Amino acid sequence: MKLYSAPGTCATAMHIALEWIGKPYEVAHLDFAGMKSPDYLRLNPSGVVPTLVDGEMVLPEGMAILLYLVDLNPDADIGPAAGTPGRIELHRWLVYLSGTLHPYFWPYFMPMRFTTDADGHASVKAASQLLVGKALTLIDDHLEGRDWMVGDRKSVADAFLYPMANWAYGFERSTASYGNVDRVVRELAADPAVQKVHTAQGTSPKVGGSS
């Protein structure tokens, strides 16, 4: 099984999940040029990460990869089984993280794509931070009285939250101000599997620091 990833991106979540599973895997870390190379575009015409290759199967899209890994490795217990109430919750939060929280960051990192005003980038980035704050508030409220995003143990939903919450430590309103989200990120940052992923990426957690 081979994951195409890039250090510090949301593909970190899939890397964490593979490490939790504990089976042999390979990771190819791509830079922007690598994502646009002909060889990679044959795997993922969108030219983005992540992409998972498992034998003849090629699977892009982070949420799809996480669900595939959950179902392929039931003994790893990294997400509720299909057909259970917990699985419905897992779907809910993976969709929210992938379809709402993640896109809210795009204007911050790529403001030039969201305005034709060359002097308007600061305003676009400020608006992005407000949207991220709205989403993190909702997630923080959900985590009140809970140890993890779904059920009573860590899952791929927490792994998916982890890289995005890390990005926001450098925001005007830092992830540290969302107590429950900050707690989950700190617990994951101390996880030996997560630390191994950071080492492989050449990155470090942003907990308490800046992006």
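Because the structure is a prediction, the values reported are computed rather than measured.

What counts and what doesn't
Residues numbered from 1 in each chain as written. Predicted model: local features only at pLDDT ≥ 70, side-chain atom pairs only at ≥ 80, totals over all residues. Heavy atoms only, no water. Helix = DSSP H or I, 4+ residues; strand = E, 2+ residues; numbered from the N terminus. Contact = heavy atoms within 4.5 Å. Areas by Shrake-Rupley, 256 points an atom, 1.4 Å probe, with all protein chains shown as cover. Lys, Arg positive; Asp, Glu negative; His and termini not counted. Charge placed at Lys NZ, Arg CZ, Asp CG, Glu CD. Salt bridge = Lys/Arg side-chain N within 4 Å of Asp/Glu carboxyl O. Buried < 20%, exposed > 50% of the residue type's maximum accessible area, 1.4 Å probe, protein only. Pairing = 2+ DSSP bridges. Axes fitted to C-alpha atoms, helices over the stretch in contact; angles between N-to-C directions. Parallel < 35°, antiparallel > 145°, perpendicular 65-115°, else oblique. Left-handed = near helix turned anticlockwise from the far one by under 90°. Nonpolar A, V, L, I, M, F, W, Y, C, P; charged D, E, K, R; others polar. Core = buried A, V, L, I, M, F, W, Y, C linked by side-chain atoms within 4.5 Å. Expected span 1.5 Å × (residues − 1).

J.: Describe the overall build of the chain, with residues and values.
T.: When helices and strands are tallied, the chain shows 9 helices and 4 strands. In the chain, the succession of α and β elements from N to C terminus is β-α-β-α-α-β-β-α-α-α-α-α-α. Considering only C-alpha atoms, the chain reaches an extent of 50 × 50 × 30 Å along its principal axes. Taking the intrachain contacts of the chain between residues at least 6 apart in sequence as the baseline, contacts between residues at least 24 apart amount to 63%. Surface accessibility of the chain: about 10,100 Å² in total, with carbon and sulfur atoms responsible for 56%. Charge separation in the chain, taken as the distance between the mean sites of 17 positive and 23 negative side-chain charges, equals 2 Å.

J.: Which residues make up the pattern of salt bridges, and what are the values?
T.: Overall, the coordinates contain 8 salt bridges when judged by the stated rule. Here R42 and D39 are joined by a salt bridge, their closest N and O atoms 2.2 Å apart. With R42 and D39 both in helix α3 (residues 38-43) and 3 residues apart, this pair spans about one turn of that helix. Each member of the pair R42 and D39 is classed as exposed. Ionic pairing is found between R92 and E89, a salt bridge with its closest N-O pair at 3.7 Å. In this pair, R92 and E89 are both assigned in helix α5 (residues 85-109), 3 residues apart and thus about one turn of the helix distant.

J.: Outline the environment of A64, listing residues and values.
T.: Mapping A64 onto the fold places it in helix α4 (residues 62-72). By relative accessible area, which is 31% here, A64 ends up partly exposed. Residues A64 and V49, 15 residues apart in the sequence, show an inter-C-alpha distance of 12 Å.

J.: Can you explain the pairing of strand β3 (residues 51-54)? Please cite residues and give values.
T.: Pairing of strand β1 (residues 2-5) with β3 involves 3 bridges; the strand directions are antiparallel. Among the inter-strand pairings, K2 is bridged to a residue of β3, identified as V53. Note: β3 against strand β4 (residues 57-60), 4 bridges, orientation antiparallel. By the bridge assignment, L52 is partnered in β4 with L59.

J.: I'd like a description of the environment of V207, backed by residues and values.
T.: Looking at the element boundaries, V207 is found in the segment after α9 (192-201). For the pair formed by V207 and A189, sequence separation is 18 residues and the distance between their alpha carbons is 7.9 Å. Ignoring sequence-local partners within four residues, the contact set of V207 consists of N166, Y169, D182, V185, R186 and A189.

J.: Any details on the packing of α5 against helix α7 (residues 156-167)? Residues and values, ideally.
T.: How two helices pack is summed up by the angle between their axes together with the distance between the axes. Running from N to C, α5 and α7 cross one another at 15°; their axes reach a closest spacing of 10 Å. Relative to α7, the element α5 is oriented roughly parallel. For the pair α5 and α7, the sense of crossing is left-handed. The residues of α7 that touch α5, namely those facing L90, L94, L97, S98, L101, H102, F105 and F109, are V156, A157, F160, L161, M164 and W167. Looking at the contact of α5 with α7 residue by residue, the class counts come to 12 nonpolar, 2 polar and no charged.

J.: How would you sum up the environment of V95? Please name residues and give values.
T.: With respect to the helices and strands, V95 occurs in helix α5. By relative accessible area, V95 is classed as partly exposed at 46%. On a C-alpha basis, the gap between V95 and M63 in space is 7.4 Å, while along the polypeptide they are 32 residues apart. Ignoring any residue separated from it by four or fewer positions in sequence, one finds V95 in contact with M63 and T100.

J.: Before we move on, could you go through the nonpolar core and cite the residues and values that matter?
T.: Within the largest apolar cluster, 65 residues are counted, with the highest numbers of intra-cluster contacts made by I78, L101, I139, F160 and V181. If we skip the residues at most four places from it in the chain, L101 touches Y96, V132, A135, L136, I139, L161 and M164.

J.: Can you break down helix α6 (residues 121-143) residue by residue, with the values?
T.: Residues spaced three or four apart along an α-helix face the same direction, because each turn holds 3.6 residues. The terminal C-alpha atoms of α6 lie 33 Å apart, and with 23 residues this matches the ideal 33 Å at 1.5 Å per residue to within 8%. Among all positions of α6, only V124, S128, V132, G133, A135, L136, I139, D140, H142 and L143 are buried. The positive-phi residue at the C-terminal boundary of α6 is G145, with phi of around 80°.

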